[in-house]
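# Observations on the three-dimensional arrangement
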Amino acid sequence: MLLDTGTANGLPIAVTCTYDPYPDTDFISVLRAWDLEGGHTLGGPVAAHEGGALGNQITELDGRTVAVTVGRGNASVRVWALGR
């Protein structure tokens, strides 16, 4: 599991990237954002990368909070909006 924490719109969050199904070799990374104050997910899980992810980082891009993930299979980089 890859994990990073940060804030989005002042809300403390965590972003996790897990594998489904694990430990199958044909797995897909699943991205989830969590409300750390409320203890629940923000929205549903998102399929992120076939073959897994190598990295997960919360950062700010053009004034918006985003999660950046890097795929293992093809080294693709994806940017996920976390705030409004």
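Please read these numbers as outputs of a predicted model, since none were measured by experiment.

Let's shift gears to the overall build of the chain. Across its full length, the chain holds zero helices and eight strands. Ordered by position from N to C terminus, the α and β elements of the chain give β-β-β-β-β-β-β-β. Looking at the chain as a whole, 33% of its 84 residues qualify as buried. When contacts within the chain are restricted to residue pairs at least 6 apart in sequence, those whose partners lie at least 24 apart make up 28%. When the accessible surface of the chain is split by element, carbon and sulfur atoms take 52% of a total near 5100 Å².

Further remarks concern the environment of Val66. Relative to the helices and strands, Val66 resides in strand β7 (residues 64–71). For the pair formed by Val66 and Trp80, sequence separation is 14 residues and the distance between their alpha carbons is 5.3 Å.

This part is about the pairing of β7. Looking at chain direction, strand β6 (residues 53–61) and β7 are connected through eight bridges and run antiparallel. Within β7, the residue paired with Thr59 across the bridge is Val66. Linking β6 to β7, which pair antiparallel, is a turn of two residues; within it Asp62 sits at a positive phi near 55 degrees. Of the strand pairs in this sheet, β7 and strand β8 (residues 77–81) are connected by five bridges, and their pairing is antiparallel. For Val66, the partnering residue across the bridge sits in β8 and is Ala81. Linking β7 back to β8 in an antiparallel pair, the connection comprises five residues, with Ala75 at a positive phi of about 60 degrees.

Glancing now at the pairing of strand β3 (residues 28–35). When β3 meets strand β5 (residues 46–50), the two strands line up antiparallel, connected through three bridges. Among the inter-strand pairings, Ile28 is bridged to a residue of β5, identified as Glu50. As defined by bridge partners, β3 adjoins strand β4 (residues 40–41) across two bridges and the pair is classed as antiparallel. Bridge assignment links Asp35 to a residue of β4, and that residue is His40.

A few words on a nonpolar patch on the surface. Side chains of Leu61, Val77 and Val79 sit close together on the surface and give an oily, nonpolar patch of about 270 Å² of accessible area. With respect to the helices and strands, Val77 occurs in strand β8.

Turning our eyes to something else, we now look at the confidence of the model for the chain. Any region with low pLDDT has predicted coordinates that should not be read closely. With 89% of its residues at a pLDDT of at least 70, the chain reaches an overall mean of 84. Per-residue pLDDT, averaged within each element of the chain, yields its smallest value for β5 (80) and its largest for β4 (93).

Rules behind the numbers
- Residues numbered from 1 in each chain as written.
- Predicted model: local features only at pLDDT ≥ 70, side-chain atom pairs only at ≥ 80, totals over all residues.
- Heavy atoms only, no water.
- Helix = DSSP H or I, 4+ residues; strand = E, 2+ residues; numbered from the N terminus.
- Buried < 20%, exposed > 50% of the residue type's maximum accessible area, 1.4 Å probe, protein only.
- Contact = heavy atoms within 4.5 Å.
- Areas by Shrake-Rupley, 256 points an atom, 1.4 Å probe, with all protein chains shown as cover.
- Pairing = 2+ DSSP bridges.
- Patch = residues over 30% accessible without salt bridge, like charges linked within 9 Å, V, L, I, M, F, W, Y side chains within 5 Å.
- Salt bridge = Lys/Arg side-chain N within 4 Å of Asp/Glu carboxyl O.
- pLDDT = per-residue confidence, 0-100.

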